[in-house]
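Below are the chains, spelled out letter by letter.
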Amino acid sequence: MKKFITFGLASVIGASGLFIPFTHEANAQNFEQKKQELDSKQSEVNKNLQKKKEELSKLEAKQEALALKLKEIDEKALKTSDQIEEKQKENEKTKKEIKALKKEIADTEKRIEERNEFLKKRVRALQESGGSTKYIDVLLGAKSFSDFISRAGAVSTLINADSEIIKEQERDKAELQKSENELNTKLEDVQKTLAKLETLQTDLNKQLDEKDKLFKQVKKQKGSASSQISELNTEANSIASEKDATIAAQKQAEKEAREAAQQAKEEKAQRQQQRQASVQAGDNSSNNDSGSSSNNSGSSNNNSSSSPSKKPSSGGGSPVSNNVGGIEGAISTGSTIVGQSPYKWGGGRSQADIDARRFDCSSFVRWAFASAGINLGPVGGTTTDTLVGKGRAVSASDMKRGDLVFFDTYKVNGHVGIYLGNGTFLNDNSSRGVSVDSMSNVYWKKAFNGVVRRVVE
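K.L.:
Mind laying out the overall build of the protein, listing which residues take part and the relevant values?
P.N.:
Summing up its helical and strand segments, the protein has nine helices and eight strands in all. In the protein, which comprises 457 residues, the share counted as buried stands at 32%. At a minimum sequence separation of 6, the contacts of the protein that also span at least 24 residues come to 67%. Carbon together with sulfur atoms contributes 50% to the accessible area of the protein, which is approximately 28200 Å² in total.

K.L.:
Lay out the nonpolar core with the relevant residues and their values.
P.N.:
Counting 32 residues, the largest nonpolar core has Met-399, Val-405, Phe-407, Met-439 and Phe-448 as the members making the most contacts within it. Going through the elements one at a time, helix H2 (27-130), helix H4 (145-280), strand S4 (404-407), helix H9 (442-447) and strand S8 (448-454) are the ones with two or more residues in this core. At ten residues, H2 tops the list of elements feeding residues into this core. Beyond its immediate stretch of four places on either side in the chain, Met-399 contacts Val-405, Tyr-419, Met-439, Phe-448, Val-452 and Arg-454. Within the second largest apolar cluster, 25 residues are counted, among which are Ile-327, Ile-331, Ala-372 and Leu-387.

K.L.:
Describe the pairing of S4, listing the residues and the values that go with them.
P.N.:
Of the two faces of S4, the one carrying Leu-404 and Phe-406 and the one carrying Val-405 and Phe-407 are both buried. Alignment of S4 against S8, held across three bridges, turns out to be antiparallel. Paired with Leu-404 across the bridge in S8 is Arg-453.

K.L.:
Help me get a handle on helix H5 (residues 325-335), residues and values and all.
P.N.:
Restricting attention to buried positions, one finds in H5 the residues Gly-326, Ile-327, Ala-330, Ile-331 and Gly-334. Viewed along the axis of H5, the buried residues span an arc of 135 degrees, placing them on a single side of the element. Buried residues in H5 make contact with helix H7 (361-370), strand S5 (415-421), strand S6 (424-429) and strand S7 (433-438).

K.L.:
Lay out the sheet that holds strand S3 (residues 392-394) in plain terms, naming residues and giving numbers.
P.N.:
Pairing is antiparallel across the open sheet formed by six strands, whose spatial order is S3-S8-S4-S5-S6-S7. Both edges of this open sheet fall to S3 and S7, since each of them pairs with a single strand only. Adjacent strand axes in the sheet meet at a mean angle of 35 degrees when their direction is disregarded. As paired strands, S5 and S6 are joined by three bridges and run antiparallel to one another. Within S6, the residue paired with Gly-421 across the bridge is Thr-424.

K.L.:
Describe the pattern of salt bridges, naming the residues involved and giving the relevant values.
P.N.:
Applying the stated criterion to the full structure yields 15 salt bridges. Residue Asp-212 is joined to Lys-216 by a salt bridge in which the shortest nitrogen-to-oxygen separation is 3.3 Å. Residue Asp-212 and its partner Lys-216 are both found in helix H4; the two are separated by four residues, about one turn of the helix. The partner of Lys-411 in a salt bridge is Asp-385, and the shortest N-O contact between them spans 3.1 Å. Placement of the pair is Lys-411 in the loop between S4 and S5 and Asp-385 in helix H8 (residues 384-387), with a sequence separation of 26 residues. Assessed through its relative accessible area of 48%, Asp-385 is described here as partly exposed.

Criteria and cut-off values
Residues numbered from 1 in each chain as written. Predicted model: local features only at pLDDT ≥ 70, side-chain atom pairs only at ≥ 80, totals over all residues. Heavy atoms only, no water. Helix = DSSP H or I, 4+ residues; strand = E, 2+ residues; numbered from the N terminus. Buried < 20%, exposed > 50% of the residue type's maximum accessible area, 1.4 Å probe, protein only. Contact = heavy atoms within 4.5 Å. Areas by Shrake-Rupley, 256 points an atom, 1.4 Å probe, with all protein chains shown as cover. Core = buried A, V, L, I, M, F, W, Y, C linked by side-chain atoms within 4.5 Å. Pairing = 2+ DSSP bridges. Arc of directions from axis to C-beta. Axes fitted to C-alpha atoms, helices over the stretch in contact; angles between N-to-C directions. Salt bridge = Lys/Arg side-chain N within 4 Å of Asp/Glu carboxyl O.

Written as structure tokens, this is what we have:
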């Protein structure tokens, strides 16, 4: 009987494995004290949990704002890169024009020299015929009036011709000088603009680097807050389990105490009956109660069986399509709207946008391949994050026409296009919409980190 009572008044409670012995006098007080301690712990954990959730909410808002700012700066950087490329072309064109003009100047100077030689010959001829280098001497040397008239007409003709030649020389020189000055001014303006754009590009790259560092810092803080929230949730669950165990142990102890009291009462009554029976039988000797009955009460054991955890499936790309003809079909379809489809952030995910040819980079790639019978994802759920998991990864040195190329723009793998070969790719970007761009462009070269996926073999 003592063994039963001792077991019934001692219980193991809580996830911490805390062992508390109970007696009839102190059990209720111990249970209440334990529950108060757990309530206090639970209140403190809930406060910390609420603070961390608020902190996480602020970090998420900050991260979202930074992502938008990164996207804005990234779009400016792309536009600036395009402007630099255009100014570089204009710079080269102006240099070629200046080179051509210099050749023209040389040709004109040659023509002027030829005219000078012509005038010299004319003067020599006049000297030989009139005997003087001066036109007045030619006139005075006339032998008759008719000779004078003839000589006057000749001199007039020569003077007019010489005057026209001189004027023509002056016009040529002035025109060439003007053209040279204009081209030099244009070249100077182009080079100044180019220098400003390159400075702006450098500044934007610095801004991108700074914002990217801040974005990564916030992301790290967010991960830390999420981890702490997870730990606090685990602690809260542990406290809740411990409270449940404490309450269950209290109820079990009370139940066992009642059973023990009832059994003691029954045994006492049984002994009284035995003594009465002994007295009635005339037994005057003292009887020791040796026939106490024992009730065996079995304790219930809770057997918990842990179900095997489901092994997560290994992450990998979707199967590579063998629709080889689909590559050219996708490129052909996508190329039909080069220069005709304006970029729209989040576009291409409704039939109205598709009909109007309003896409962003990922929806454009999905649409182009879908038109060729290759499914890269649902209309409303295809993004650069889903596309980077399609097909299989290949190295940048082995990429070929039709592969998907990814760029780290406002985020890692934030932009996607279709590689065309010869260092060019077809894409939809915020600067020029659907266009064919060079991967050697300063912007795209910096953003490409070798991520390539082959979705068609």
